[in-house]
Amino acid sequence: MGKSEVRKICGFYVNEWHLTTMILPYVHKEIGKENTIITILQNGISKNIEEILSKMNLNEELKNRILNIDWNTTKPIKYENIKEKLQNINQREINILINGEKEYIEYANEVIEKVIKETNIENGINILNCYNLTICGNVLEITMKHDYTINTAGIKEIDKQSKIEEKQKARI
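All residue numbers here refer to positions counted from 1 along the written sequence of the relevant chain. Under the rules for a predicted model, residues below a pLDDT of 70 receive no local features and side-chain atom pairs below 80 are neither given nor counted, while totals for whole chains, interfaces and linings still include all residues. The side-chain figures draw on all heavy atoms in the structure; neither hydrogens nor water molecules are used.

Asks: Talk me through the overall build of the protein chain; I want residue IDs and the actual numbers.
Replies: Every helix listed is a DSSP run of H or I at least four residues long, and every strand listed is a run of E at least two residues long, numbered separately from the N terminus. Scanning the protein chain from terminus to terminus reveals seven helices and six strands. Ordered by position from the N terminus, the helices and strands of the protein chain form the series β-α-β-α-α-α-β-α-β-α-β-β-α. The C-alpha radius of gyration computed for the protein chain amounts to 16 Å, which stays within 12% of the reference 16 Å derived for 172 residues, consistent with globular compactness. By its C-alpha atoms, the protein chain is 55 × 45 × 30 Å across when sized along the principal axes. Residue pairs in contact within the protein chain that sit at least 24 positions apart in sequence constitute 80% of those at least 6 positions apart. Accessible surface area values rest on a Shrake-Rupley calculation with a 1.4 Å probe, where residue burial reflects the displayed protein chains alone. For the protein chain, the exposed surface amounts to about 9,700 Å²; the carbon and sulfur share of it is 47%. Neither His nor the chain ends is counted toward charge; the positive residues are Lys and Arg and the negative residues Asp and Glu. Think of each charge as sitting on NZ of Lys, CZ of Arg, CG of Asp or CD of Glu. In the protein chain, 24 positive and 25 negative side-chain charges are present, and the distance between their average locations comes to 2 Å. The reference for a compact globule is 2.2 Å times residues^0.38; the radius of gyration itself is calculated from the C-alpha atoms. Working rule for contacts: check all heavy atoms of both residues, and any pair within 4.5 Å makes them a contact.

Shown next, in the form of structure tokens:
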């Protein structure tokens, strides 16, 4: 049985450029801490990552480590592939970045949760669910299923009580 501590983080983007600028500071920070980044992307962003990194003043080693992440589209999502990616990672934390439509993200999360439950992964796991805002549906409902939000300003813990109060006020 897996003993991982899982933090769920959600973000919303309007296009792949917005997504790239939102996650790149987070990725930069996590790579600097020697943590792993795994991607499950319905819509690949490799060209965006390459272009933005070419304009940034980062040391070449760090740029290369970011570029070596698989920023291409992931199809199809398979249990075996995710299990292989998650096992045998020595870093203290694993960051799994998922983007796309709500159904794609939900399915990826189901597979990840199954892998964690059925294996002995002991790393801390951060799952970054990045939803396409133009087609994701109810943002409040999605946010309430997560512990944190990410945007271009960084990560913030979700105050679920205030979100519930906002929802109740909207009904009045």
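Asks: Explain helix α2 (residues 46-54) to me, and be specific about the residues and the numbers.
Replies: For every residue, the accessible area (1.4 Å probe, protein chains only) is compared with the maximum for its type, and the residue is labelled buried under 20%, exposed over 50%, or partly exposed between those bounds. The complete set of buried residues in α2 reads S46, N48, I49, I52 and L53. Seen end-on, α2 carries its buried residues on one side only, within an arc spanning 160°. Facing away from the buried side of α2, by more than 90 degrees, are the exposed residues K47 and S54. Taking the helix axis as origin, the arc is that swept by the directions to the C-beta atoms.

Asks: How would you explain helix α5 (residues 102-118) if you had to name every residue and give the values?
Replies: Under the convention used throughout, the expected extent of a helix is 1.5 Å for every residue step, that is, one less than its residue count. With 17 residues, α5 should reach 24 Å at 1.5 Å per residue; the first-to-last C-alpha distance of 24 Å fits that figure. For α5, the set of buried residues is K102, Y104, I105, A108, N109, V111, I112, V115 and I116. Contacts made by the buried residues of α5 are with β1 (6-13), β2 (36-41), α4 (79-86), β3 (93-100), β4 (124-132) and α6 (139-143).

Asks: Could you give an account of the pattern of salt bridges, with specific residues and numbers?
Replies: Each salt bridge in this description consists of a side-chain nitrogen of Lys or Arg and a carboxyl oxygen of Asp or Glu lying within 4 Å of one another. One pass over the full model with this rule turns up seven salt bridges. One salt bridge connects K33 with E30, and the closest N-O pair in it is separated by 3.2 Å. Using a relative accessible area of 39% as the deciding quantity, one classes K33 as partly exposed. On the basis of relative accessible area, E30 is assigned to the buried category, the value being 2%. Between E34 and R65 there is a salt bridge, and its shortest N-O distance comes to 3.3 Å.

Asks: Tell me about the environment of L24, residues and numbers included.
Replies: Following the sequence through the fold, L24 ends up in helix α1 (residues 16-32). Among the residues examined, L24 registers a relative accessible area of 6% and is labelled buried. L24 sits 86 residues away from E110 along the chain, and the two C-alpha atoms are 25 Å apart. Residues in contact with L24, not counting those within four places in the same chain, are I49, I52, L53, M56 and I66.

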